[in-house]
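Structural characterization, general
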Amino acid sequence: MHSPYALHRPVANEFLRRDRDHQRRRELLAVTAAVLVAGGALLGYVSIHLETTQVGYRIDALERGLHTLQEEQRRLEIALERATHPRRVEARAGAELGMRPPRLGETFFYDALRAEVPLVASVGAERSDGPPAVQAGGGS
């Protein structure tokens, strides 16, 4: 089976050559450039959108973690208030350490003691800011 395309035809003009269509080439380059710019812009938009979505998810996770930590802080503050309540401290001090509230006459205040009993100083030295010092070993 022979077809007109399968037959070898002799070239009638051996000097015939194809001329380049510069106009079509410019149009093709312009369309290609426009498609590349549009594709780049689309890729940029998609990447920005994905990054925004990921940041939103991270913010949401951090807010959930913050809420959890705030709840834990609230629970710990309540536990601290319970543990440091004066009645509870007094009860634990009595039960675990054998401590008791002071009885009448067992409480002394530093200022009152200082006024009643002068501080012991070096032998022969006098204090200029208070009453005379008592020498060690005793007596006044």
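Residues numbered from 1 in each chain as written. Predicted model: local features only at pLDDT ≥ 70, side-chain atom pairs only at ≥ 80, totals over all residues. Heavy atoms only, no water.

1. Notes on the overall build of the protein
Keep this limit in mind: Only DSSP runs of H or I with at least four residues qualify as helices, and only runs of E with at least two residues qualify as strands; both kinds are numbered from the N terminus onward. Note on classification: 1.4 Å probe, protein chains only; a residue is buried when its accessible area is under 20% of the maximum for its type, exposed when over 50%, partly exposed between these limits. Only the protein chains shown count as cover for residues, with accessible areas throughout obtained via the Shrake-Rupley method and a probe of 1.4 Å.
Broken down by element type, the protein carries three helices and zero strands. The proportion of buried residues among the 140 residues of the protein is 1%. When the accessible surface of the protein is totalled, it reaches about 13800 Å², and 61% of it is carbon and sulfur.

2. A look at the pattern of salt bridges
In plain terms, the rule: The term salt bridge refers to a side-chain nitrogen of Lys or Arg lying within 4 Å of a carboxyl oxygen of Asp or Glu.
Under the criterion given, the structure shown has five salt bridges. Across the pair Glu71 and Arg74 runs a salt bridge, and its minimum N-O distance is 3.2 Å. Here Glu71 pairs with Arg74, and both are found in helix 1 (residues 22–83), just three residues apart, close to one helical turn. The class for Glu71 is partly exposed, based on a relative accessible area of 30%. On the basis of relative accessible area, Arg74 is assigned to the partly exposed category, the value being 41%.

3. Side note on a nonpolar patch on the surface
For clarity, the threshold we go by: Each patch is built from residues lacking any salt bridge and having more than 30% relative accessible area; the joining distance is 9 Å for like charges and 5 Å for nonpolar side chains (Val, Leu, Ile, Met, Phe, Trp, Tyr).
On the surface, Leu42, Tyr45, Val46 and Leu50 cluster together to form a nonpolar patch covering roughly 420 Å² of accessible area. With respect to the element layout, Leu50 can be found in helix 1.

4. Concerning the confidence of the model for the protein
Threshold: pLDDT is defined as a per-residue confidence score from the predictor, taking values between 0 and 100. Here a residue-residue contact requires only that any non-hydrogen atoms of the pair lie within 4.5 Å.
Scored by pLDDT, the protein comes out at a mean of 81, with 74% of its residues at no less than 70. By mean pLDDT, helix 3 (residues 110–116) is the weakest element of the protein at 68, and helix 1 is the strongest at 96. Contacts for the low-pLDDT stretch residues 132–140, under 50 throughout, to residues beyond four places or in other chains number 14 contacts.

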